[in-house]
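Take a look at the letters that make up each chain.
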Amino acid sequence: MGGGTKRAEDPDAPLHAVALELLGGVGPARKERLAVLGIRNVHELLCTLPRRVERWPEWTPLANVRALAAPRPKAASAEEEALDGDDEDGSGESLRVRGGIVRFRFSRFAGRSLVRATLGDPSGELDVLFFNQPWLRERFRKGDELDVLGRPTWAGGPAFVASRLGFTDSPLPAPGTLTPVYASTEGLSQEMLRTLCLQALERFGARLHEPIPAAVLAEHDLPPLPEAVREIHAPTGELQFVRARRRLGLEPLLALQAGIAARRAERKRTAALALECDERLALELERHFPFEFTRGQREVVRELREDLARGIPMRRLVQGDVGSGKTAVGAWACLLTARAGAQCAFLAPTELLAEQHFRGLSGLFERAGLRTALLVGSLKAAARREVLEGLESGAIAVVFGTHALLGSPVKFARLALAVIDEQHRFGVAQRERLFDKGRDVHGLLMTATPIPRSLALTIYGDLDVSTLREKPPGRSRIETRRIQAPRDLVELLEPRLERGERVYWVVPRIDGEEEDAPGAEQRFARIAKGPWARYGVELAHGRLPSEERGARLERFRRGEARVLVATTVIEVGVDVPEATAIVVESAERLGLAQLHQLRGRVGRGRLESACYLMGKRSAAERLELLERCDDGFEIAEEDLRRRGMGDLLGLRQAGENLEGLDGDGLDLGLFDTARRLVAAQPGLVERYGAARPLS
Ligand code: ADP
Ligand code: MG
């Protein structure tokens, strides 16, 4: 598309391939501004969703505007007062006035030019202020009729700051006209966007075609694409606009679902190791674990058995609240696979977690005669070489590790199963990289950030989903309370420490100067100097070399330090059953799902546990939800509602191009519609799958 030279336009080219430069007024600079908004071709311009639609108001008599203008006490001068809050696109609570010019004068203020025109209508007179439009001085004539959109202000007297101006020979839209309001960006005004969209509509609108059959559209009450695009940029009514927006909102969702469907079809064509496992063998494998599986774990194991026996690569997502015992399920699948003579990779997002899985599970595998290894970035060269050799020769049956497992030097003799823990921390592309290390690898993904099942199905459409709802027996509810000041905690925590229990003290930032919001370093220094020094205090955060961090965590695990001050590095996975209390400072900095994850660090053994949250008043409402609710699903749903989907699913973090999928206007029902449309019409896979690859 790039190139810069204007080519003759191919009338059959899909609009995705039509360069923006073909539009009048678009050169390299403007093209760059448009790219900031994610608009790179004519199709994307036409599908640009306005935020809302605005109806041009009726005129307000000048005397009524005078009555609305009130002096603001703090401004130093009349002009400063008027400048303050001057907004560009004339949106918000704009009023509209009209009248003849009685007189006007020009001045400068704070580097800005100001034209002040006094308008008159039968109700009275009003000063209208035009900032930064010095040319108006030449244009205005006494007696000219002006039509102005703006807002009341005070500039030594009642006045009006203009944002849009119409003359008799270049009028503003009539009252009642609807105008779309776009998400504009610096250097690209609302006016410019509107003009470009209308131009694109006029020249290319006829080339849009609707791939969805009319009957299906009717069923969902959606307008066809060409009509929707017209309604979006030149709305004829609010209701039509909303319907059109829903149709256009479907476009990125169709692309997402098409990508998913393409991957699924690809997978179905391949053949994977078929792992037979009857009831007897399933139970025998379970006996390798130091506990009996819960009913929920057994249910997931049954689903895994079916998946793995099929000879098609498995793609299963196990979602379960923190502490529901997902690791054991993953390990069970590894045991089955490794005993059949194939290799397994167990991937975790942090070294801490990978090491912990390795430490916790290697004994179990070794006792079954299976060699295990750990592969993380901080491994010394010699040790690393040994692991790589063991994987390539097939001597190592199960490898635990981090992103280091994804690198190209890592080769397997016969990788058959990849378990990906905390999978939302990885992008689709990263997952696929691991799957590509073997022929037709089975994939088991695990996450403790549960999302509603229907949503999981539509987003991770190429995954089957299992849900672990129940927790292992003997878990007590974690009492959760908001705490005002650290000193209130002494009484609450002291008895625990005295009994030998452990306490996590989480501070989101590593450094922090403020007295009431210290960083982890400062909090650690204060506690370590205080009376709790006798219990042993440790500090862990992301800036420490991982070896050092691991050693400190180990001291905490063994009880040599009973207090661990840490950042959110301990958020996922860390499993120390003797830890019975967690304190989170500055909780307003963290999302609900994240706080719930942190809370899951305690309550892992049979000991009664507690979570204490400290945070700004602004977070009170969110923290209250945590106080009364310990269902990760409910919390995740609330988080979804509040923060938009990208964050929750880690999609943005994984660098995936899903803009437009999150935010306030998200309509979950549309997700499902997109999924069903793509399932019913294979043609859509080709059309949308190619337009916007997922990874
Ligand atoms: P998560 O789902 O958060 O990854 P884990 O797999 O870390 O949870 O399990 C949490 C704790 O529960 C671990 O200490 C684990 O050993 C223990 N656990 C798992 N399954 C069972 C079970 N069936 N019975 C008793 N304890 C279990
Ligand atoms: Mg886990």
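Residues numbered from 1 in each chain as written. Chains lettered and ligands numbered in written order. Predicted model: local features only at pLDDT ≥ 70, side-chain atom pairs only at ≥ 80, totals over all residues. Heavy atoms only, no water.

Peer 1: When you look at the overall build of the chain in this model, what are you seeing that I'm missing?
Peer 2: When helices and strands are tallied, the chain shows 25 helices and 20 strands. Counting all 695 residues of the chain, 54% fall into the buried class. Counting contacts in the chain only where the partners sit at least 6 residues apart, residues at least 24 apart contribute 72% of the total. Of the accessible surface of the chain, which amounts to about 30,800 Å², a share of 50% is contributed by carbon and sulfur atoms. (Helix = DSSP H or I, 4+ residues; strand = E, 2+ residues; numbered from the N terminus. Buried < 20%, exposed > 50% of the residue type's maximum accessible area, 1.4 Å probe, protein only. Contact = heavy atoms within 4.5 Å. Areas by Shrake-Rupley, 256 points an atom, 1.4 Å probe, with all protein chains shown as cover.)

Peer 1: Sorry if this is basic, but what is going on with unusual backbone geometry here?
Peer 2: What is expected of a backbone is that most residues other than glycine have negative phi and most peptide bonds are trans. A positive phi angle, near 60°, is found at Asn 132, a position not held by glycine. Here Asn 132 shows up in the loop between β4 (124-131) and α5 (136-139). The exposure class assigned to Asn 132 is partly exposed, which follows from its relative accessible area of 37%. Even without glycine at this site, Asp 440 takes up a positive phi of about 55°. Structurally, Asp 440 can be placed in the loop between α15 (428-435) and β13 (442-447).

Peer 1: Looking at this structure, I do not really get the pairing of strand β16 (residues 502-506). What am I missing?
Peer 2: Looking along a regular strand, one sees side chains alternate from face to face of the sheet. When you tally the buried positions in β16, you get five out of five residues, the bulk of the element. Every second residue of β16 is oriented toward a common face, with Arg 502, Tyr 504 and Val 506 on one face and Val 503 and Trp 505 on the other, all of them buried.

Peer 1: What's the story with the confidence of the model for the chain in this structure? I'm lost.
Peer 2: Detailed reading of predicted coordinates is not advised where the pLDDT is low. With 88% of its residues at a pLDDT of at least 70, the chain reaches an overall mean of 85. Long-range and interchain partners of residues 646-666, a stretch whose pLDDT sits below 50, account for 39 contacts in this model, where long-range means more than four residues apart. Here residues 691-695 is a poorly scored stretch, pLDDT under 50, and it has 13 contacts once near neighbours within four places are set aside; other chains count. (pLDDT = per-residue confidence, 0-100.)

Peer 1: Before we go on, may I ask you to explain the layout of surface pockets in this structure?
Peer 2: Which parts of space are left empty comes out when a probe the size of a water molecule is rolled across the atoms. As a volume, the second largest pocket reaches approximately 990 Å³. What lines the second largest pocket is a set of 37 residues, and nearest its centre among them are Phe 291, Gly 325, Thr 327, Asp 575 and Arg 604. The biggest single contributor to the lining of the second largest pocket is helix α13 (residues 351-367), with eight residues. A class-by-class count of the residues in the lining of the second largest pocket yields 13 nonpolar, 12 polar and 12 charged. Summarising the domain contributions, the lining of the second largest pocket has at least three residues from each of domain 2 (279-468) and domain 3 (478-615). (1 Å grid on protein atoms, 1.4 Å probe; cavity = no way out; pocket = protein on both sides within 12 Å on 5 of 7 lines; lining within 4 Å. Points joined across faces, edges and corners; volume = space filled by probe spheres on them. Nonpolar A, V, L, I, M, F, W, Y, C, P; charged D, E, K, R; others polar. Domains from an automatic or database assignment.)

Peer 1: When you look at the environment of Ala 262 in this model, what are you seeing that I'm missing?
Peer 2: Relative to the elements of secondary structure, Ala 262 occurs in helix α9 (residues 238-268). Judged by its relative accessible area of 37%, Ala 262 falls in the partly exposed class. For the pair formed by Ala 262 and Val 685, sequence separation is 423 residues and the distance between their alpha carbons is 6.6 Å.

Peer 1: Honestly, the environment of Glu 498 in this entry has me stumped. Any pointers?
Peer 2: For Glu 498, the location among the structural elements is in helix α17 (residues 487-498). Each C-alpha atom of the pair Glu 498 and Tyr 535 lies 8.1 Å from the other, and the pair is 37 residues apart in sequence. Apart from the residues lying within four places of it in its own chain, the contact partners of Glu 498 are Arg 534, Tyr 535 and Arg 562.

Peer 1: What am I meant to see in the pattern of salt bridges here?
Peer 2: Any two side chains of opposite charge can pair, so long as their charged atoms come close to each other. Scanning all chains against the criterion turns up 44 salt bridges. When the shortest N-O distance is used, the salt bridge between Arg 552 and Glu 538 registers 3.9 Å. Separated by 14 residues along the polypeptide, Arg 552 in helix α19 (residues 546-558) and Glu 538 in strand β17 (residues 537-540) bring together distant segments of the chain. By the burial criterion, Arg 552 is buried, and Glu 538 matches it. Among the charged side chains, a salt-bridge network with shared partners connects Arg 359, Glu 538, Glu 548, Arg 552, Glu 554, Arg 555, Arg 557, Arg 558 and Glu 560. (Salt bridge = Lys/Arg side-chain N within 4 Å of Asp/Glu carboxyl O.)

Peer 1: Could you clarify how one ought to interpret the sheet that holds strand β6 (residues 158-167) in this entry?
Peer 2: To summarise the sheet geometry, strands pair through backbone hydrogen bonds and adopt either a parallel or an antiparallel arrangement. The strand order around the closed barrel formed by five strands is β2-β3-β4-β6-β5, and the pairing between neighbours is mixed. Pairs of neighbouring strands in the sheet enclose a mean axial angle of 45°, with direction left out of account. Of the pairings in the sheet, the one linking β4 to β6 comprises three bridges and is parallel in character. Residue Leu 129 lies in a different strand from β6, and its bridge partner there is Val 161. (Pairing = 2+ DSSP bridges. Axes fitted to C-alpha atoms, helices over the stretch in contact; angles between N-to-C directions.)

Peer 1: Would you mind showing me how to read the nonpolar core here?
Peer 2: As a rule of thumb, nonpolar side chains are buried together in soluble globular proteins. Ranked by internal contacts, the top residues of the largest apolar core, which has 41 residues, are Leu 304, Trp 332, Phe 365 and Leu 444. Here this core takes nine residues from helix α12 (residues 326-339), the largest share from any one element. Residues in contact with Phe 365, not counting those within four places in the same chain, are Ala 331, Cys 334, Leu 335, Leu 370, Thr 372, Val 398 and Phe 400. Residues Leu 15, Cys 47, Leu 201 and Leu 208 belong to the second largest nonpolar core, which totals 31 residues. (Core = buried A, V, L, I, M, F, W, Y, C linked by side-chain atoms within 4.5 Å.)

Peer 1: Hey, could you run me through the site of ligand 1 in this one?
Peer 2: Close contacts around ligand 1 come from 16 residues, with Glu 292, Gly 323, Lys 326, Thr 327 and Arg 475 the closest. One nitrogen or oxygen atom from the side chain of Thr 327 is found 2.7 Å from an oxygen atom belonging to ligand 1. Across the complex, the protein chains shield 83% of the 560 Å² of accessible surface that ligand 1 would expose by itself. For the shell around ligand 1, the per-class residue count stands at four nonpolar, six polar and six charged. (Near = heavy atom within 4 Å. Polar contact = N/O pair within 3.5 Å; in protein donor to acceptor, adjacent residues only side chain to side chain.)

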